[in-house]
Amino acid sequence: MKYLNYHITDSVLIDAGIDSIAAFYNTDLNKIRLGKRGNNWASTIDIVGHELAHRLNYQTANLTFYGESGALRESIADIFATLGERYIRTIYGTPWNWTIGEDAQIIRDLAHPSLHGQPEEYHGFNWQDTSNLNSTNDYGGVHNNCGVSNKWFYNLSQSIGPDKAGLIAYYMLNLNLSSNSGFHDALQASVSAAENLYGNCSDERNAVISAWSSVGVSSLNIIPCHNTSPGNDNDRLSIAQNEEIPFHVSVYPNPASNEINIEFPNDTNDCIVAIINTLGNKIKEVATRGRNATIDTTDTPNGLYYVNVVANGMHTDKAKVIISK
Ligand SMILES: [Zn+2]
């Protein structure tokens, strides 16, 4: 829920009156429309959460409504609807669940997508053709193929718990996906998210890869790793002694609150670290040397920022960071 509060800065309008057990989010009007048939309202916690999460998508990755990115968009809405339901029902001490719409009519189930006709595997049984993007084909099966990433999220939550899985999904959406991303982009994006949050060779990273693999999404370039030395989650750094590696900074924690730590891949003599806001204005700058830097952000307002690093006058890198207090 805090994710929604953070992004939905202006109020979302809600109106009712369409004769249907369905709900919609209208991007242009910033309005949720909730259907009603007889005395049945499509206004359950998870349906409203689903529509609110469309707003979250609109303000972050802005995944389009077509094909694979459309399926991811629907899935993101189901994932955050479920996390929202979990949050609210936990406060009230009532049980939460993985189904969407159970108080009106169950339309999807993250744990068992196939029970409602959705695929549980990429291009597997129930997969809907994504080459036909017409409205008659649900814009490429967006409300159907979302079963794949819904099941991914469910499997990931079973492995590392819904809190960590939710943070990875949020980070993936906010920093690593863009409008036309598909399932393999989501694999890459969620693995980067887990690396940033939990370490380059963390159990969480490997769990993300396994969960995708269990729904048929994998890549030869993204494979589980083995953390050989305890406490060292930066295997990549030890390679640096022998091989030339790209200058790539790590920023943690992310989201950050009162302090940002920046780690450089190798020793630097003369390093300038700047924090830039989304308008491109530099709001902080520190000169440093060595392997890392810390920037005090107690007086920095919440929001999205870029950490810009120039080392030894030649290596540069940029990373996104969220400040959230
Ligand atoms: Zn939707």
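Structure: above.
Only a predicted model underlies this, so the values are computations on that prediction, with no experimental measurement involved.

Turning our eyes to something else, we now look at the overall build of the protein chain. Helix and strand counts for the protein chain stand at 8 helices and 11 strands. By the burial criterion, 40% of the 325 residues in the protein chain qualify as buried.

For His123, which is not a glycine, the phi torsion comes out positive at approximately 60 degrees. Of note, His123 is situated in the loop between strand S6 (108-109) and helix H4 (138-160). The residue Tyr139 is not glycine, and still its phi comes out positive at about 55 degrees. Here Tyr139 is to be found in helix H4. Tyr139 sits in the buried class, given 21 other C-beta atoms within 10 Å.

Two strands pair when backbone bridges link them, and strand S8 (residues 259-277) and strand S9 (residues 282-296) are joined in this way by 12 bridges, in the antiparallel orientation. Bridging across to S9, Val273 finds its partner in Val286.

This brings us to the packing of helix H2 (residues 45-59) against helix H3 (residues 67-92). Running from N to C, H2 and H3 point in directions that differ by 125 degrees, and their axes come no closer than 7 Å. Considering their axes alone, H2 and H3 lie oblique with respect to each other. Read as a crossing pair, H2 and H3 show a hand that is right-handed. Only Arg73, Ile76, Ala77, Asp78, Phe80, Ala81, Thr82, Gly84, Glu85 and Ile88 of H3 make contact with H2, whose side of the interface consists of Ile45, Asp46, Gly49, His50, Ala53, His54, Leu56 and Asn57. Per-class residue counts for the contact of H2 with H3 are 8 nonpolar, 6 polar and 4 charged.

What follows covers the environment of Ala81. Following the sequence through the fold, Ala81 ends up in helix H3. As for Ala81 and Glu51, which are separated by 30 residues in sequence, their C-alpha atoms are 8.1 Å apart. Setting aside anything within four residues of it in sequence, one finds Ala81 in contact with Asp46, Gly49, His50, Ala53 and Ile100.

What follows deals with the packing of helix H5 (residues 162-176) against helix H6 (residues 183-198). Direction vectors running N to C along H5 and H6 enclose 115 degrees, while the axes themselves pass 8 Å from each other. Between H5 and H6, the crossing angle belongs to the class labelled roughly perpendicular. As H5 runs across H6, the sense of the crossing is right-handed. Residues Leu167, Ile168, Tyr171, Met172 and Asn176 of H5 form the contact with H6, whose own contacting residues are Ala186, Ala189, Ser190, Ser192, Ala193, Ala194, Asn196 and Leu197. Its residues assigned to classes, the contact of H5 with H6 comprises 9 nonpolar, 4 polar and no charged.

With that settled, consider H3. Over its 26 residues, H3 extends 38 Å from the first C-alpha to the last, a length consistent with the 38 Å expected when each residue adds 1.5 Å. Buried residues dominate H3, accounting for 20 of its 26 residues. Count one or two residues on from H3 and you reach Gly93, which has phi positive near 70 degrees.

On to helix H7 (residues 203-213), then. The element H7 is largely enclosed, with a buried count of 8 among its 11 residues. Of the positions making up H7, those classed as buried are Glu204, Arg205, Asn206, Ala207, Val208, Ile209, Ala211 and Trp212.

Cut-offs used in this document
Residues numbered from 1 in each chain as written. Predicted model: local features only at pLDDT ≥ 70, side-chain atom pairs only at ≥ 80, totals over all residues. Helix = DSSP H or I, 4+ residues; strand = E, 2+ residues; numbered from the N terminus. Buried ≥ 20, exposed ≤ 12 C-beta atoms within 10 Å, placed from the backbone. Pairing = 2+ DSSP bridges. Axes fitted to C-alpha atoms, helices over the stretch in contact; angles between N-to-C directions. Parallel < 35°, antiparallel > 145°, perpendicular 65-115°, else oblique. Left-handed = near helix turned anticlockwise from the far one by under 90°. Contact = placed C-beta atoms within 7 Å. Nonpolar A, V, L, I, M, F, W, Y, C, P; charged D, E, K, R; others polar. Expected span 1.5 Å × (residues − 1).

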